[in-house]
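Observations on chain architecture
If you want the building blocks of each chain, they are given just below.
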Amino acid sequence: MQIPFLAWLLQGIPESIAVAAFVFSMDLGVFSWNKVLKVGFIQAIVIYVVRLLPFTPGVHVLVLITSLALVSMFVGRFDFKKAASYSAIIISFVVIFEVVFFGLLSGYISFKDMNENVWMRILFTYPQVIAVFLLAVLVRKQGLNRKFDKIFRSPEI
């Protein structure tokens with residue numbers, strides 16, 4: 001499904017930056033804003049292009065998880081195993097937030113109306129963007145990245 005350019009610009013890019021911030025908070029516990037912005041912008045471009053392609057529904061999610069892992073690995077210098085795991089976790093949260101927030105807001109606007117009105121689409125998707133940013137900040141503030149690191153640490157022999 002294509003993303004209208006304005007929706008991509010005003011919602012897609014901020015969401016991609018939030019997802020990148022989440023990746024960095026899970027691995028490092030800090031935001032390197034230069035790297036977060038690079039990963040976010042590259043991922044936003046990948047999302048825009050992938051959504052133009054005629055994939056079976058759901059396949060684009062797998063492509064986006066893979067692209068986020070690869071971009072995070074190259075820009076953030078993450079181990080691929082960690083980057084792939086973080087990407088899958090984060091994209092899962094994004095999907096869950098989309099379902100939850102659309103469910104909560106669907107009493108006010110239908111999916112058809114939202115798709116036909118780009119401004120409503122942008123407005124109604126901002127809660128999930130904010131939720132992803134808040135979750136990234138929570139992971140960073142609570143030091144949860146250290147717990148993630150223990151999961152991925154290789155056992156000593």
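For clarity, every value in this text was computed on a predicted model and none was experimentally measured. (Residues numbered from 1 in each chain as written. Predicted model: local features only at pLDDT ≥ 70, side-chain atom pairs only at ≥ 80, totals over all residues. Heavy atoms only, no water.)

1. Overview of the overall build of the chain
Note the threshold: A run of DSSP states H or I qualifies as a helix once it reaches four residues; a run of E qualifies as a strand once it reaches two. Both are numbered from the N-terminal end. Note on definitions: a residue-residue contact is assigned when non-hydrogen atoms from the two residues lie within 4.5 Å.
A count of helices and strands for the chain gives 7 helices and 0 strands. Reading the chain from its N end, one meets helices and strands in the order α-α-α-α-α-α-α. Long-range pairs, those at least 24 residues apart, make up 71% of the contacts in the chain with a sequence separation of at least 6.

2. A few points about the layout of surface pockets
What counts here: Both site types are read off a 1 Å grid over the protein atoms alone. A 1.4 Å probe that fits but cannot get out defines a cavity, while an open set with protein on both sides within 12 Å along at least five of seven lines defines a pocket; lining residues have an atom within 4 Å of a point. Grid points are joined across faces, edges and corners, and a volume is the space filled by probe spheres set on the points.
A volume near 900 Å³ is recorded for the largest pocket. Lining the largest pocket are 35 residues, with Arg 51, His 60, Glu 98, Arg 121 and Gln 128 positioned closest to its centre. The set of elements that each furnish at least two residues to the lining of the largest pocket consists of α1 (5-27), α2 (33-52), α3 (59-76), α4 (80-105), α5 (111-116) and α6 (118-142).

3. Here's the deal with the confidence of the model for the chain
Our working rule: A residue's pLDDT is the predictor's confidence in that residue, given on a scale from 0 to 100.
Here the chain averages 85 in pLDDT, while 89% of its residues score no lower than 70. Within the chain, the lowest mean pLDDT, 60, falls on helix α7 (residues 144-152), and the highest, 93, falls on α2.

4. Some words on the packing of α4 against α6
The geometry of a pair of packed helices is captured by two quantities: the angle between their axes and the separation between those axes. Put simply, the test is: Every axis corresponds to a line fitted to the C-alpha atoms, with the helix fit spanning only the stretch in contact, and the corresponding angles, defined between N-to-C directions, vary from 0 to 180 degrees. Angle categories: roughly parallel below 35 degrees, roughly antiparallel above 145, roughly perpendicular from 65 to 115, and oblique for all the rest. Crossing handedness is defined as follows: a turn of the near helix away from the far one that is anticlockwise and smaller than a right angle gives a left-handed crossing, while the clockwise case is right-handed.
With their axes 9 Å apart at the nearest point, α4 and α6 run at an angle of 140° to one another. In terms of orientation, α4 lies oblique with respect to α6. In the packing of α4 onto α6, the handedness of the crossing is right-handed. On α6, the residues that touch Phe 93, Val 94, Phe 97, Glu 98, Phe 101 and Leu 105 of α4 are Phe 124, Pro 127, Gln 128, Ala 131, Val 132 and Leu 135.

5. A few points about the packing of aromatic side chains
Threshold: Between the rings of Phe, Tyr and Trp (Trp by its six-membered ring), a pair exists once the centres lie within 6.5 Å; its type follows the angle of the planes, with under 30 degrees stacked, over 60 edge-to-face, and the other angles tilted. Three labels apply to residues, based on accessible area from a 1.4 Å probe with only protein chains included: buried if under 20% of the type maximum, exposed if over 50%, partly exposed otherwise in between.
For the coordinates displayed, the defined rule picks out 7 aromatic pairs. When the centroid spacing of 5.5 Å and the interplanar angle of 40° are considered together, the rings of Phe 5 and Trp 8 count as tilted. Taken as a pair, Phe 5 and Trp 8 lie in helix α1 at a separation of 3 residues, close to a single helical turn. Given a relative accessible area of 12%, Trp 8 falls into the buried group. Taken together, the ring pairs in this structure connect Phe 22, Phe 93, Phe 97 and Phe 101 into an aromatic cluster.

6. Examining the environment of Lys 35
Locating Lys 35 in the fold gives a position in helix α2. In this structure the C-alpha to C-alpha distance between Lys 35 and Ala 21, which are 14 residues apart in sequence, comes to 9.0 Å. Residues contacting Lys 35, with those up to four places away along its chain left out, are Phe 24, Val 75 and Gly 76.

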